[in-house]
Amino acid sequence: MIQVMVRYKVKPEHAKQNEELVRRVYEELHSARPNGLRYATFVEEDGVSFVHFASIETDNGQNPLADVEAFRAFQKDIGDRCDEPPKAVNLRGVGSFGIAEE
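Residues numbered from 1 in each chain as written. Predicted model: local features only at pLDDT ≥ 70, side-chain atom pairs only at ≥ 80, totals over all residues. Heavy atoms only, no water.

Draft legend 1. Quick look at the pairing of strand β2 (residues 37-43). As paired strands, β2 and strand β3 (residues 49-56) are joined by seven bridges and run antiparallel to one another. Directly across from threonine 41, in β3, lies its bridge partner histidine 52. Counting the residues in the hairpin turn of β2 and β3 gives five residues, including glycine 47, whose phi is positive at 80 degrees. (Pairing = 2+ DSSP bridges. Helix = DSSP H or I, 4+ residues; strand = E, 2+ residues; numbered from the N terminus.)

Next up, the structure:
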């Protein structure tokens, strides 16, 4: 299992666009229901800082998000939308309740 957190800050004028792109990812995920993925996105109180959590639980370690067209659209031009670019951090679980349980 691979667990990753990604945090970034968008420019204020791109906050709504970014949130809409994220919502499209979830629409496709709810439709496609890929196996081996747990995924959540949050916006901090400032309205421009986004945090994504992913738990990839596939046999081969491949991230199912790579096959989601809406996710590829979300990633396109993300650097132009950001004040602080995305930074990914791999996580090692210590405990969990209802999230990314084995």
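Draft legend 2. Examining the sheet that holds β3 more closely. Overall, antiparallel pairing links the four strands, which are arranged β2-β3-β1-β4 in an open sheet. Both outer strands of the open sheet, β2 and β4 (82-91), are each paired with one neighbouring strand and no more. Taken pair by pair, the neighbouring strands of this sheet meet at an average axis angle of 10 degrees, ignoring direction. Looking at chain direction, strand β1 (residues 2-10) and β4 are connected through seven bridges and run antiparallel. Directly across from methionine 5, in β4, lies its bridge partner valine 89. (Axes fitted to C-alpha atoms, helices over the stretch in contact; angles between N-to-C directions.)

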